[in-house]
Number of protein chains: 2
Amino acid sequence: MRKAAIVAAGQSAFGEFPKKSIKELFVEAYRDMLGAADVPLDPRRVQAAYVGSLGVGGFQLGQIAPLLTTYIGLGPIPVARVENACASGGFALYQAVLAVASGACDVALAAGVEKMRDLSSSKTRYWLGVSGDTEYERLAGLTFAGIYALMASRYMHEHRVGKKYLSMVAVKNHENGARNPKAHLRRKIALEEAMKAPDVAHPLNLYDCSPTSDGAAVAIVAAAELAREFTAKPVEIAGFGAGSDHLAIHDRETITSLRASVEAAKKAYEMAGISPADVQVAEVHDCFTIAEILAYEDLGFCPAGGAPRLLDEGATTLQGRLPVNPSGGLKSKGHPLGATGVAQAVEIFRQLRGEAKERQVKDAEIGLSHNVGGSGGSAVVFVYRAM
Amino acid sequence: MRKAAIVAAGQSAFGEFPKKSIKELFVEAYRDMLGAADVPLDPRRVQAAYVGSLGVGGFQLGQIAPLLTTYIGLGPIPVARVENACASGGFALYQAVLAVASGACDVALAAGVEKMRDLSSSKTRYWLGVSGDTEYERLAGLTFAGIYALMASRYMHEHRVGKKYLSMVAVKNHENGARNPKAHLRRKIALEEAMKAPDVAHPLNLYDCSPTSDGAAVAIVAAAELAREFTAKPVEIAGFGAGSDHLAIHDRETITSLRASVEAAKKAYEMAGISPADVQVAEVHDCFTIAEILAYEDLGFCPAGGAPRLLDEGATTLQGRLPVNPSGGLKSKGHPLGATGVAQAVEIFRQLRGEAKERQVKDAEIGLSHNVGGSGGSAVVFVYRAM
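Conventions and cut-offs
Residues numbered from 1 in each chain as written. Chains lettered and ligands numbered in written order. Predicted model: local features only at pLDDT ≥ 70, side-chain atom pairs only at ≥ 80, totals over all residues. Heavy atoms only, no water. Axes fitted to C-alpha atoms, helices over the stretch in contact; angles between N-to-C directions. Helix = DSSP H or I, 4+ residues; strand = E, 2+ residues; numbered from the N terminus. Parallel < 35°, antiparallel > 145°, perpendicular 65-115°, else oblique. Contact = heavy atoms within 4.5 Å. Buried area = accessible area lost by both parts, 1.4 Å probe. Salt bridge = Lys/Arg side-chain N within 4 Å of Asp/Glu carboxyl O. Polar contact = N/O pair within 3.5 Å; in protein donor to acceptor, adjacent residues only side chain to side chain. Nonpolar A, V, L, I, M, F, W, Y, C, P; charged D, E, K, R; others polar. Pairing = 2+ DSSP bridges. pLDDT = per-residue confidence, 0-100. Least-squares fit on C-alpha atoms with pLDDT ≥ 70 in both. Left-handed = near helix turned anticlockwise from the far one by under 90°.

## Quick look at the packing of helix H7 (residues 164-177) of chain A against helix H10 (residues 289-298) of chain A
All names here are of chain A.
Then comes step 1: Across the interface, H7 lies against H10 with an axial gap of 8 Å and an inter-helix angle of 95°. Here H7 is positioned roughly perpendicular relative to H10, judged by the angle of their axes. Here Tyr-165, Leu-166, Val-169, Ala-170, Lys-172 and Asn-173 of H7 lie close against H10, whose contacting residues are Thr-289, Ile-290, Glu-292, Ile-293 and Tyr-296.

Below is the structure:
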């Protein structure tokens, strides 16, 4: 298969932007990418585009891909929206990589965008609910916080660990996000503060939940052999994989591991020819703190039940042996659904190029990103290598 | 690029099915495919799946792909929804072809599904409207029938032709659809009846508009070199192409030609190494009768302004030299948005295998399908060849 590389990437600020439209958020991300490029990008080289978005609120639901790509002046190229709920951005990147790998094009744009803050919180719950199993979960009243709360309860029971470990994830990610100028919640929090926040869905409290955010992110994927025409420091997509699972958690064999993540990671490692121990920096899907804990185990960073020990050791902090979510993760950077998967790639791109400034992971050459749809109905993993 | 072929295909009945859920429609299409297969399909061979759907009504908007694929027992494979409004199905097929072409998998499922009849007609207008340019068209009150009415008026003015030619498209497609047991509107209509129907958006009347339908369609795409393991009569995807354009028609240079269709067709012909004159049967996007007229010209079946002559000659009837929409097209077969692009492939697959029964086009070996998003914001074209 023809190898692909990311040659440029950027994102808008994540947060609450009542005066910015979807188009403006997209342009902000595109301009951030152009501004950070070491070689000026000729938009005419972009031959295809994929936009990840759930379309929260439905303001512009259909054909958002041509709406956005024509708005920035891209030509009459093949474009499409790709959707897998919270993994929409990761799957948009996946399709861009396949388009380049197939030879159908040499250069593709992957983007993600979501505008979530225009809605009331009950409307937002509805829109998030449309990504669960409607018949068995949404109509029965189960929210996404509720689903992840069930996972957290079961995990704490199976491995006999306390709420503290959930809060440690929040503290770590806020610590990192405070160093990220694009982050939505840019402040450090103390462990005690995190543990005592009001409950959302027990045992998950306010600080266990990622915020609902507005934002956009973009990346240019090029055939690896052409990558140096675009930048002196391309980042190879060394491996990629995706998986899926039943939406309704009652249909799964376990709720303390996401099968979709396990499958995605297995394929990505195999293609990249690496093992989990080779990963030096990772952006994982921490929509709720328990999700990051499950990710450690599903991605093979530790055995099942080993996540609390990783946290006790500080292994996944910015100074640890495997920094996870240096961007602040979904928890602190924010989680504009469709944008998230692409923004993870933006962060790893900058980390592997040594451009992450205050949150730079030292000497990282191999990175990973992990994006989950809803409560694990889908997942996609990329392994990146500095070229 | 590695060649791909369709090795199995099927569809549900199209129509109004208040008692069938999205899952049931999907299963109906899948079973239709299994029942028509000459070699039993082992579902474990399916390594990826793409589902086209706009998600009209929003009942199950997020992650419909894993919801449906796990429901029929497919494994933890990469799946995603692909959306480009009315071209969602065509772009799902496009991604399945790219997945196989890239070597990421050998066998992929392409599917499309839509359930539109649960909504009132005002709600349906809203959901269709979310595929136009919301800021400049939907919020100003322009409907899709209204947009195509503008195109029709301009076409009739530029080429000095009357309403009769619009109605001739409707008459032809109803004639064909009456022979299709899966069609939504399965009855012949007379020219006078078609011309005198009540206006929807002048000059388009009721018989110029495709119905809103429930339905699903599926196809299996395999690497061409493996195709004969699945069937004795595979149909090669000889060429494919896609294009895009501004959503808002005021941003376009012309409204009597869809640039996205022209771009898509150009690429598909080039890849297949054929000219429009080589096409022996075509399924084109006739969401409104004017759309089929523009398609004749955009696909190169005749020069600009030449469509009325093609209709006068009867060239595109089932007995003509280039039968168009033998299935009945969107106009008579029905138009469940996400399903349409895949259902077009199902029809061409059956035509090139000689399995179209009462509506069989004689000795066709090269076919084409053409699927348009909304009012032309996106389009995708496939050229098929009997293997």
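What follows picks up the thread again.
## Here's the deal with the interface of chain B and chain A
Interfaces are often sized by the accessible area lost when the parts come together.
Then comes step 1: Counting residues at the interface gives 59 residues for chain B, matched by 60 residues for chain A.
Then comes step 2: Interface of chain B and chain A: buried area, both sides summed, is about 4500 Å²; carbon and sulfur atoms make up 53% of it.
Then comes step 3: Here chain B is connected to chain A by 4 salt bridges.
Then comes step 4: Note that B:Glu135 is salt-bridged to A:Lys23, the shortest N-O span being 2.9 Å.
Then comes step 5: Inspection of the chain B/chain A interface yields 34 residue pairs in polar contact (both at pLDDT 80 or more).
Then comes step 6: Those elements giving two or more residues to the side of chain B that touches chain A turn out to be helix H2 (64-71), strand E3 (79-83), helix H3 (88-102), helix H4 (121-129), helix H5 (134-138), strand E8 (235-244) and helix H9 (259-272) of chain B.
Then comes step 7: When residues of the side of chain B that touches chain A are assigned to their parent elements, the largest contribution, 7 residues, is made by H3(B).
Then comes step 8: A breakdown of the residues in the side of chain B that touches chain A according to their chemical character gives 28 nonpolar, 21 polar and 10 charged.
Then comes step 9: Bridge count for strand E3 (residues 79-83) of chain A against E3(B) is 3 bridges, and the pairing is antiparallel.

## Comments concerning the confidence of the model for chain A
Residue and element names in this part refer to chain A.
Then comes step 1: Looking at chain A as a whole, its pLDDT mean stands at 97, while 100% of the residues score no less than 70.
Then comes step 2: Highest mean pLDDT in chain A belongs to strand E9 (residues 281-283) (99); lowest belongs to helix H4 (residues 121-129) (85).
Then comes step 3: Both scores are given for the predicted complex: the pTM is 0.98, the ipTM 0.97.

## What about the relation of the copies chain B and chain A?
Then comes step 1: Between chain B and chain A, the superposition needs a rotation of 180° and an axial shift of 0.0 Å, giving an RMSD of 0.0 Å. Here the two chains are linked by the operation of a two-fold rotation axis. For chain B, the smallest separation between a C-alpha atom and the rotation axis is recorded for B:Ser102, amounting to 1.7 Å.
Then comes step 2: When the interface residues of chain B are mapped onto chain A, 100% of them are again interface residues, pointing to one common binding face.

## Quick word on the packing of helix H3 (residues 88-102) of chain A against H3(B)
Then comes step 1: At a minimum axis distance of 8 Å, the contact between H3(A) and H3(B) shows a crossing angle of 55°. One way to sum up the angle between H3(A) and H3(B) is to call them oblique. Between H3(A) and H3(B) the crossing geometry is left-handed. Contacts from A:Gln95, A:Leu98, A:Ala99, A:Ala101 and A:Ser102 of H3(A) reach H3(B) at B:Gln95, B:Leu98, B:Ala99, B:Ala101 and B:Ser102.
Then comes step 2: Residues of the contact of H3(A) with H3(B), tallied by class, amount to 6 nonpolar, 4 polar and no charged.

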